[in-house]
Amino acid sequence: MVSRRAFLGLLGAGVGAMAAGPAQAAQTAQGKGKRPNIVLFMVDDMGWQDTSVPFYYEDGKAVRTRLNKRYATRTPNMERLAKQGMLFTDAYACAVCSPTRCSLMSGMNAARHRVTDWTLGVDQQSRFGAHGEGLYPPRWSANGLQPPGTQAKGVCQPPWRTGADGKFYQPALDAPGGNAYDLKMPFTNALTFPQLLQDAGYHTIHVGKAHWGSGSGQYNQQDSKAPTTPGADPRRFGFDVNIAGCEVGGPKNYRGDAHYGNKGYSQFATPGLDENGYYQDNVFLTDALTDMALRELERSHAAAPDRPFYLYMAHYAIHSPLDNGRAWDASRSDDPNVAKDARNPNPNDGLKWDPMERNYSTLIQGMDDSLGKLLDKLDALGETENTLFIFMADNGGLSISGRLKAANAPARAGKGSCYEGGTREPLIVRWPGKIRPGAVCHEPVIIEDFYPTILHAAGVPPPKALAVTPAGVHDDGPLRQVLDGETFLPVLLGRRATVRADGADRPLLWHYPNFWGEGIPGPEYHFYTTLRLGRWKLIYQHPDQSFELYDLRTDIGERRNLADQRPGLVDKLRKEMARLLRERGAQMPRIGSPDGKPVPFPDEVVLAR
Ligand code: CA
């Protein structure tokens, strides 16, 4: 529960800068005759080193890492964007997909919105049994994010169906014959920023992976009676157009000739791409989504050239499957030898390709190619100057198998992890004439900041009333939406170096009371809370209630635990961590059984010293 005082305080902290300036921002936008277009190009599972663009800096200087060298010549469009915009070395998301995507849409920190793990089926949880650590996840929002007004019991439009003509059919939002749902697990209601942009007159386009609500995953079964929830459909969150988005968070198959997984039943099949000959021509999923996005931009521009648009280009790439060659398309390689022999060296560094790395690289190249086509289209439409373009990824690069173990070096570990490799992201923002080209920013920003920042840039005032999840959904009462994110528009515009006007460091929080990745040993992937404050990072490991302290300025690899050397600093940071957890109504894992005692807050742990 969040007290009213805490709520008001956080609202003030979160949107204070925005509240002071919406009139001015709107005026600026109107001064140009049109609000800015916004493109958010979101890549799935891409690590911050999976690019030729250097994101790692030492003493203010770019360091070209091993992977930057490997990818040289392979991400030219990211380089183009970085030259024209501002690069962030310390940008963050959450460590897995759904928490990031729900923070993006709601402006809430994951500790508050409680979609702390990845979601998919109705009432389905990825991992809910007893684990080696003897902990159980709390009753988190396993039914994901839902639009305002959603109740635990209701009727939703049917999911995607295959029609008599063999094509996908996405029913109208008010179509009869909806499916009844009666949810056992919690969810979280939120008023989203795309909804606010839509209300302000934006044409809002969703392309690719949504992954917000929960659903049947059975949109390709004609007679499915399985329930789905409103949040499974991006149109419920303020998107005019939805292309291929549903509750599913990963692709079954990237190949057009495999109908993107729609041959036979698969919960992970990607719907809505049976147009334009993609199946027959075996169009790669990344390219099909790009083609659909470009067509929609053209259509939108032709219909109403003065109407601003928000395009959420959310690629399924580069999420698994990476293996078995399913992600591999020889025609996509710029090195003919690679297709002939996976053991041949990478021409950029002379090192051999591991087959998994090769497939991974193919997905990266396809993503970069899509980025280039989108940038070219904005140029062709004459919209580049008036478009805020944001490049981001949703969690750290996969690093649990093969040579991908070093996927985020020099950061430690990867997707799912409490270490920097789990959450650090390759953020680039371009806005010609407003953001200085080639700028590099070391100020930490986090995914929930996007909500207030995008609204700020659009000149759309922050919401007056936010959503409240109805009582009874969560055991401990209603859950109120509060904007934890803060606008970083002043940083983008070069008006100041820090998000906070007073120059103070902001505490950033990650909370993962869940279990990720079956069979992955060690505590770094399960049950943790972490806090970053300035150069310092504190990790609270829930299983043994221990603390790790790292100095990110000198030890980005998080190898030298300073907790024993700096007990005073540990105490200061764990108090701050506990304060944020309480204010945000964070749920803690349970000890011994699903109804067991919760793991104590970090300031309640008695340390033997
Ligand atoms: Ca992801």
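Nothing here was measured: the structure is a model prediction, and the numbers come from that model.

## Description of the overall build of the protein
The helix and strand inventory of the protein stands at 14 helices and 25 strands. Buried residues in the protein amount to 64% of all 609 residues. Residue pairs in contact within the protein that sit at least 24 positions apart in sequence constitute 74% of those at least 6 positions apart. If you sum the accessible surface of the protein, you get close to 21,600 Å²; carbon and sulfur atoms cover 51% of it.

## Side note on the packing of aromatic side chains
Tallying each qualifying case throughout the model produces 21 aromatic pairs. Chaining the aromatic ring pairs together yields one cluster made of Phe-193, Trp-212, Phe-237, Phe-239, Tyr-310, Tyr-312 and Tyr-451. Across from the ring centre of Trp-48, 5.3 Å away, lies the NZ or CZ of Arg-424, which sits over that ring. Cation over ring: Lys-434 sits above Trp-431, and NZ or CZ is 5.1 Å from the ring centre.

## Quick word on the confidence of the model for the protein
In the predicted model, the protein carries a mean pLDDT of 88, and 87% of its residues have values of at least 70. Predicted confidence for residues 1-32 stays below pLDDT 50, and this span has 49 contacts to residues more than four positions away or in other chains.

## Remarks on helix H12 (residues 450-458)
Buried residues dominate H12, accounting for 9 of its 9 residues. For H12, the set of buried residues is Phe-450, Tyr-451, Pro-452, Thr-453, Ile-454, Leu-455, His-456, Ala-457 and Ala-458. At the exit of H12 stands Gly-459, carrying a positive phi of roughly 70 degrees.

## Some remarks on the pairing of strand E1 (residues 37-43)
By the criterion of burial, E1 is predominantly enclosed, with 7 of the 7 residues buried. What you see with E1 is no split at all: Asn-37, Val-39, Phe-41 and Val-43 on one side and Ile-38, Leu-40 and Met-42 on the other are buried throughout. One ladder, built from 7 bridges, connects E1 with strand E15 (residues 387-393); its direction is parallel. Of the residues in E15, the one forming a bridge with Asn-37 is Thr-387. In this sheet, strand E14 (residues 309-314) lies alongside E1 in parallel orientation, the contact comprising 5 bridges. Bridge pairing in E14 links Phe-41 to Met-313.

## Considering the coordination of the calcium ion
Here the calcium ion is held by the protein donor atoms Asp-44 (OD), Asp-45 (OD), Cys-97 (SG), Asp-394 (OD), Asp-394 (OD) and Asn-395 (OD1), which lie 2.2 to 2.6 Å from it. Taken together, the 6 donor atoms coordinating the calcium ion span angles of 52 to 152 degrees at the metal, a pattern that classifies the geometry as irregular. In this structure Asp-45 comes out as buried when scored by relative accessible area, which is 3%.

## Observations concerning the pattern of salt bridges
Taken as a whole, this structure holds 35 salt bridges when the rule is applied. Of the charged contacts in the structure, one is a salt bridge between Asp-90 and Arg-532, with a shortest N-O distance of 2.7 Å. Pair noted here: Asp-90 is in strand E4 (residues 86-92) and Arg-532 is in strand E22 (residues 526-533), with a separation of 442 residues, a long-range link. Overall, Arg-532 belongs to the buried group, its relative accessible area being 8%. Where Glu-576 meets Arg-579, a salt bridge forms, and the shortest distance between an N and an O atom there is 2.7 Å. Residue Glu-576 and its partner Arg-579 are located together in helix H14 (residues 567-583), separated by 3 residues, close to a single helical turn. A single salt-bridge network, built from bridges that share partners, covers Asp-90, Glu-420, Arg-424, Arg-532, Lys-537 and Glu-558.

## Topic: the sheet that holds strand E23 (residues 536-541)
The strands that make up a sheet are held in pairs by hydrogen bonds between backbone atoms, and each pair lies either parallel or antiparallel. Spatially, the 4 strands line up as an open sheet ordered E21-E22-E23-E24, and their pairing is antiparallel. On the outer flanks of this sheet lie strand E21 (507-515) and strand E24 (546-551), each paired with one strand and no other. Each adjacent strand pair in this sheet contributes to an overall mean axis angle of 15 degrees, direction not counted. Two strands pair when backbone bridges link them, and E21 and E22 are joined in this way by 7 bridges, in the antiparallel orientation. In the strand pairing of E22, Tyr-512 is matched with Tyr-528. Across the sheet, H14 touches E21, E22, E23 and E24, and the angle it forms with E22 is around 110 degrees.

Quick notes on the rules
Residues numbered from 1 in each chain as written. Predicted model: local features only at pLDDT ≥ 70, side-chain atom pairs only at ≥ 80, totals over all residues. Heavy atoms only, no water. Helix = DSSP H or I, 4+ residues; strand = E, 2+ residues; numbered from the N terminus. Buried < 20%, exposed > 50% of the residue type's maximum accessible area, 1.4 Å probe, protein only. Contact = heavy atoms within 4.5 Å. Areas by Shrake-Rupley, 256 points an atom, 1.4 Å probe, with all protein chains shown as cover. Phe/Tyr/Trp six-rings, centres within 6.5 Å; stacked < 30°, edge-to-face > 60°. Lys NZ or Arg CZ within 6 Å of the ring centre and 35° of its normal. pLDDT = per-residue confidence, 0-100. Pairing = 2+ DSSP bridges. Donors = N, O, S within 2.8 Å, 3.2 Å for Na, K, Ca; no water. Tetrahedral: all angles 85-135°; square planar, octahedral: opposite > 155°, others 65-115°. Salt bridge = Lys/Arg side-chain N within 4 Å of Asp/Glu carboxyl O. Axes fitted to C-alpha atoms, helices over the stretch in contact; angles between N-to-C directions.

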